[in-house]
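Tertiary structure, described
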Amino acid sequence: MTTPTKDLEYAITKPVEDDDDELESMTGTAQREDTSSTEEIAIGVAENKRVSRNRFLVAVVLLVCATAAAVLTYVITDREERQSFENEFAGIASEIISVSQRAEENIFKVMDDFSTMMTSSALATNQTWPFYITPDFERRARASRAVSGGRMLVTVNAVPPAARDEWNDFANRTKGWMQESAELRNVTPAPFLPVMSTFNYTEEGPQRIIPVTGGDDLHLVASQVSPVPTAHRIIVNIDFGTTFIDRWRYMEETGRSARSQIVNMNFWLEEPADGPVNLFYQPVFDSFDEENRNLAAFVYMALRVQDHFEDLLHDGAVGIYVVLTNTCNKTVTYQVNGRESEYLGEGDLHEEEYDYLGIEAGLTVALNEILEGGTESQTGMSCGYYMTIYPSALFHENFQTSRPVVYTIVVLAIFACTSLIFILYDCSVQRRQETVMDSAVKSNKIVNDLFPEQFREQMLENANNSKQNDASMFKVNGTRKSLTKFMSGDLGPFDDDEDIFMTKPVADLFAEATVLFADIVGFTAWSSVREPSQVFTLLESIYRAFDKVAARRHIFKVETVADSYVAVAGVPKPVPNHAMVMARFARDCLHKLPQVVSRLDKHLGPGTRDLTMRFGIHSGPVTAGVLRGEKARFQLFGDTVNTAARIESTSIGNKIHLSDRTAQLICAAGKGAWVERRSEKVHLKGKGTMETYWLNAQVRAGLMRAGSVCGSMVSDQNDRVEQATYHSPALSDHTRRLVEWNIESLSRLLRQIVAYRKTTSTTTKTLKKVVEEGGPSTLDEVAEVIALPGFDQQTACKKVDPDTIVLGPDVMKQLYSYVSWVAQSYNDNPFHNFEHASHVMMSIMKLLSRIVAPELEMAPDTDEKDRISRIAAQLHDNTYGITSDPMTQFAIALSALVHDCDHRGVPNGRLVEEDEHLARLYDQSVAEQHSIDTAWSELMSDDYKDLRACIYSSDDELKRFRQVVVNVVLATDIFDKQLKKLRNARWEKAFRVRSPSETLGTVDVNRKATIVMEHIMQASDVAHCMQHWHVYTKWNERLFQEMFKAYATGRADKDPSLGWYKGELWFFDNYIIPLSKKLHDCGVFGVSSDEYLNYATENRKEWAEKGEAIVAEMANKYRTLLQPTEVPEAFSDEEEGTSKIKNELEV
């Protein structure tokens, strides 16, 4: 490398001839620099031109697209409206034609039937024509007119001139039919003409009656008329020979029916017609032999033409023209407006602009033959009719909207907005492009000045290769930012394993943080008696409320595990007062919990309101990070997390447990009044004995301790829950909550009943009588087989969502009244009380909700209705029909509620001794029969008629409802040997092993259903033995208390504590566990049967270990129930008595 000095010396001493080369070299360099600058300018100019050209092309394309889209939108929308108009009109026209043709066919069929009846009647009674009168004419004619819509029906007999006098004599002898017909109508008939007569016709109609005394023409005499003529309508015994002779000859020649011209018949009709009428003629022959029969008479019926178009269309279909034309050269026009029609007048009066839409069709077979070229019209004898149907402007208006214009404007507006956005975006891009271009020019000039061309390209290539590494370095240096980004939901999982090893994990150490663990006390026992959906409803409701508090307090929720809630303060954003923030959060959650569970108590059942939470808080350093991979999660690690979990596990319900470190931070913040030392030290696993503190949860606005400064701790008023409840002075608060929950459960089943009833043909009706009892005693009503409804595929496919059903206020009021009465009917027993009935009801609802069907393998393309139908059918078969009948489910649930009504707290044997009245009424199952009769009698009172109408709607349903209640309640008497023997025999008969070829009959299926229903009740009545240990011990102690109370008051002979331990083991081995196995064997309840069996086995095992101590503790606890005068002599001394009990228990 040469120095500048040496270069200068070289330049001075350099030969002159070298100057040209130097100059040339310098000039070349300058030229290259100028060329480079010129190229840069040229590139910029070319780029600007290209951008401008593209901008212009985009603008043109947008304009063309906007115009094309607008035109296309208008054309398509307008075409859709017109197509909709034409399709709707075509459908209406098709309906008019179809109905009219059917009406025509029906009229001729009715006429033919009436003609056949006359021929048959004449032959059967040996009457000769024309001397024939139809017996019971008015009834028969009225029926024919009702079916066809006829205004008048007339029979016309053909009387030869020679038989004129004989006919007059016959007519006078048989005129009694007029009086009979008049009596049916309760009217006075018109005068009878004793002599065949005719009318003197004028332009105004028939004016004068003229007796027929001579002539050689055939007489066509009106022999009978329906409705019977009254007042001026003198038609009977009138000769219409000159009027009908052409029709007579036509029918005589062809043997076919005929139809008249459109005429005005108001003079002859009983009730004048609004518009012209048609006469339909039907020949009557003297025999059924087509080869040798003769025309003896004919029947004609008058019908108003426009009756075909009445009650035909929906109310919105107005303005339809029907142009009726016949082959006798007459045309009339009608307008159909929804369910009504209007006669417009003679001629074709439709609107000509709709000629192209006219639809033509014939009304009769004869006309179709004429239209097809088969025959010619018999003008004046029989007229064929065809109709042409047109729309009107009035009808078209219903389909003309502003949609095409609106849609076109919307499309143009969208393109205008798009263009505006494009312009704004283009301006932004242009400014950015100018900035980038200016920066690129400057950067390129610097690079060109610094580096030769051959190195410049290589540097750019290396820069591109190192881009990924630069991004990775940025990730490493921005760990905390990446962590914050993940917690806001912006950082996703890695695509493959190589990414994990090529980059540093997203994790960091947070030196100052506070971790909280919270747990629901009693959740395991509570959830063991609930449906899965109810468990999740509770957890979602509680944690959603906590999440809202966390968002307000800037607490980060880490996760929820089962019923545990984990949160942290100071991560990922450091918070100086993290302990204070977490304390406020825990306090708010503790105050929020009672509001949530109180609101849910009505829906989730008794015991929900009693749930509490315990909290544990510890402060210290934590490691926080993202565990990358599938389902990446944010996690906390370290001793602080473990200690917080231990602190929570040693807390108690409704308490916030603080570690020493957290308490110190709170005190250091000047809030020493918030904490108080726990009276005893706690032992933490892995930590040893520690001194801990309680957070004073009552430190809120208005409840501050003296000297505390906590006014900022007022929680948001919007979080307060206000729940309106009904307060009944006759019920305690606890009982009222139980009543409300039972009402909620029963009303849900009632809605299912109403929804089921909407899909069936069952109609609600008021029953004339109510069955109180079915025999000498309720026990006699126990049915071996209860018949349940069969499977209805249509009902399954038309299933109505019960949640859409709203029960009437009267039904809900009566349901509330009845359940409240049931609650009050229970005595104040420790075990057999309304709370236990509600517990049984809860188990019933759980078992009914857990009824399952085997999985079905279906093709992916199975129709939805077919899939629903097959699933419903399988569920029906698998549950023996129980799930298909919501009324049966309601009866089971109601049985659970009332099965111990007015229970006296003593067994049946003692009850018989104490109550002579009950002893006379019942000889077995005394308490159970008494409960049924008590509850049933109340339900059947007039106060609950709307509730009963909602439960059942027919005598069959009432009978089935009664049978289910009786069978299910009496199934709870498990100690009656006779009933137990009968039930076991039925079980063996129903669930015996069958050969593969043996099919189940309806009786067999119903027998299984009956047994399953009884076992549902039996299992629910002792469900506490097959639920969580805490639930079992709670009700076991209450039963012990009840029996000990009976013993203490002299109502029982034996001290229950002496055999209680072994008795429970016997009860588990001989009843509970076999019963839970039967639930499994019947194959209805799925995993619930396994759950019951597992709990029963575990409880039996734990009772075997702890039962003796528990019995001793209970005996000592309830000895206080003994009155001093009733204490046995051996128990007079407390210590001696206690020793005696212990010795007996040990034995």
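Residues numbered from 1 in each chain as written. Predicted model: local features only at pLDDT ≥ 70, side-chain atom pairs only at ≥ 80, totals over all residues. Heavy atoms only, no water.

1. Side note on the overall build of the protein chain
- Counting secondary structure elements, the protein chain contains 35 helices and 22 strands.
- By residue count, 46% of the 1147 residues in the protein chain fall in the buried class.
- Across the protein chain, the fraction of contacts at a sequence separation of at least 24, relative to all contacts at a separation of at least 6, is 74%.
- If you sum the accessible surface of the protein chain, you get close to 59,500 Å²; carbon and sulfur atoms cover 52% of it. (Helix = DSSP H or I, 4+ residues; strand = E, 2+ residues; numbered from the N terminus. Buried < 20%, exposed > 50% of the residue type's maximum accessible area, 1.4 Å probe, protein only. Contact = heavy atoms within 4.5 Å. Areas by Shrake-Rupley, 256 points an atom, 1.4 Å probe, with all protein chains shown as cover.)

2. Some points on the sheet that holds strand β5 (residues 258-259)
- Here we have 5 strands laid out as an open sheet, ordered β4-β1-β7-β6-β5, and antiparallel in their pairing. Of all the strands in the sheet, just β4 (219-226) and β5 have a single pairing partner and so form its edges.
- Bridging between strand β1 (residues 152-159) and β4 involves 7 bridges; their strand directions are antiparallel. Its bridge partner being in β4, alanine 158 is matched across the sheet by leucine 220. (Pairing = 2+ DSSP bridges.)

3. Describing the packing of aromatic side chains
- Counted according to the given criterion, the structure contains 41 aromatic pairs.
- Between the aromatic rings of phenylalanine 831 and tryptophan 1035, the centroid separation amounts to 6.0 Å while the plane-to-plane angle is 85 degrees, which identifies the pairing as edge-to-face. In this pair, phenylalanine 831 is assigned in the loop between α21 (809-825) and α22 (834-849) and tryptophan 1035 in helix α32 (residues 1029-1048), connecting sequence segments 204 residues apart.
- Note on phenylalanine 831: relative accessible area 6%, which makes it buried.
- We classify tryptophan 1035 as buried; its relative accessible area is 2%.
- With a centroid separation of 5.1 Å and an interplanar angle of 85 degrees, the aromatic rings of phenylalanine 1040 and tryptophan 1060 are classed as edge-to-face. Here tryptophan 1060 lies in helix α33 (residues 1060-1081) and phenylalanine 1040 lies in helix α32, a separation of 20 residues in the sequence.
- For phenylalanine 1040, a relative accessible area of 0% translates into the label buried.
- Over the aromatic face of phenylalanine 285 sits the side chain of arginine 293, whose NZ or CZ is 3.7 Å from the ring centroid.
- The ring of tryptophan 694 has lysine 655 sitting right over it, with the charged end atom 5.4 Å from the ring centre. (Phe/Tyr/Trp six-rings, centres within 6.5 Å; stacked < 30°, edge-to-face > 60°. Lys NZ or Arg CZ within 6 Å of the ring centre and 35° of its normal.)

4. A few points about the pattern of salt bridges
- Tallied over the entire structure, the rule returns 36 salt bridges.
- Of the charged contacts in the structure, one is a salt bridge between lysine 109 and aspartate 113, with a shortest N-O distance of 3.2 Å. With lysine 109 and aspartate 113 both in helix α2 (residues 18-124) and 4 residues apart, this pair spans about one turn of that helix.
- Across the salt bridge formed by glutamate 781 and arginine 962, the nearest N and O atoms sit 2.6 Å from each other. (Salt bridge = Lys/Arg side-chain N within 4 Å of Asp/Glu carboxyl O.)

5. Quick look at the pairing of strand β13 (residues 507-521)
- As defined by bridge partners, β13 adjoins strand β16 (residues 612-627) across 13 bridges and the pair is classed as antiparallel. Residue pairing for β16: phenylalanine 517 is matched across the bridge by glycine 616.
- As paired strands, β13 and strand β15 (residues 564-569) are joined by 6 bridges and run antiparallel to one another. Looking at the pairing, aspartate 519 lines up with serine 564 of β15.

6. A few points about the nonpolar core
- Judged by nonpolar contacts, the single largest core of 108 residues is most densely connected at Leu750 and Phe961.
- Aside from chain neighbours lying at most four places away, what touches leucine 750 is Leu807, Val811, Leu815, Phe890, Leu947, Cys950 and Ile951. (Core = buried A, V, L, I, M, F, W, Y, C linked by side-chain atoms within 4.5 Å.)

7. Observations regarding a nonpolar patch on the surface
- A grouping of Val71, Tyr74, Val75, Val405 and Ile409 is seen on the molecular surface, where their side chains present a nonpolar patch of about 430 Å² in accessible area.
- Elements represented by at least two residues in the nonpolar patch include exactly α2 and α9 (403-450).
- The biggest single contributor to the nonpolar patch is α2, with 3 residues.
- Here tyrosine 74 is to be found in helix α2.
- Overall, the relative accessible area of 38% leaves tyrosine 74 in the partly exposed class. (Patch = residues over 30% accessible without salt bridge, like charges linked within 9 Å, V, L, I, M, F, W, Y side chains within 5 Å.)

8. Notes on α22
- In this model, α22 (16 residues) spans 22 Å end to end at C-alpha, consistent with the 22 Å of a helix rising 1.5 Å per residue.
- With 15 of 16 residues buried, α22 lies mostly within the body of the structure. (Expected span 1.5 Å × (residues − 1).)

9. Observations concerning the packing of helix α16 (residues 578-604) against helix α18 (residues 660-668)
- It is the contact of α16 with α18, at a shortest axis distance of 8 Å, that shows an interaxial angle of 100 degrees. Taken together, the axes of α16 and α18 lie roughly perpendicular to each other. Of the residues in α18, those in contact with His578, Ala579, Met580 and Ala583 of α16 are Thr662, Leu665 and Ile666.
- The class makeup of the residues in the contact of α16 with α18 is 5 nonpolar, 2 polar and no charged. (Axes fitted to C-alpha atoms, helices over the stretch in contact; angles between N-to-C directions. Parallel < 35°, antiparallel > 145°, perpendicular 65-115°, else oblique. Nonpolar A, V, L, I, M, F, W, Y, C, P; charged D, E, K, R; others polar.)

10. A word on unusual backbone geometry
- Residue serine 226 is joined to proline 227 through a cis peptide bond whose omega torsion reads 0 degrees.
- Among the structural elements, proline 227 can be located in the loop between β4 and α6 (241-254).
- The step from valine 571 to proline 572 runs through a cis peptide bond, and the omega angle for that step is 0 degrees.
- Along the polypeptide, proline 572 turns up in the loop between β15 and α16.
- Of note, asparagine 237 is a non-glycine position whose phi angle comes to about 70 degrees, a positive value.
- Looking at the secondary structure, you find asparagine 237 in the loop between β4 and α6.
- A relative accessible area of 1% places asparagine 237 in the buried class.

11. Topic: the sheet that holds strand β11 (residues 359-362)
- One open sheet holds the 5 strands; their spatial order is β10-β9-β8-β12-β11, and the pairing between them is antiparallel. The open sheet has two edge strands, β10 (340-346) and β11, and neither has a second partner. Here the strands of the sheet are splayed against their neighbours by 25 degrees on average, with no regard to which way each runs.

12. Regarding the environment of leucine 539
- Structurally, the position occupied by leucine 539 is in helix α15 (residues 532-553).
- The class of leucine 539 is buried, set by a relative accessible area of 12%.
- For leucine 539 and serine 564, which are 25 residues apart along the polypeptide, the C-alpha to C-alpha distance reads 9.7 Å.
- Non-local contacts of leucine 539, meaning those with residues more than four positions away in its chain, are made with Ile520, Phe523, Ala562 and Asp563.

13. So, the side chain of serine 115
- With respect to the element layout, serine 115 can be found in helix α2.
- Serine 115 sits in the buried class, given a relative accessible area of 5%.
- Not counting residues within four places of it along the chain, the set of residues in contact with serine 115 comprises Gln282, Pro283 and Val284.

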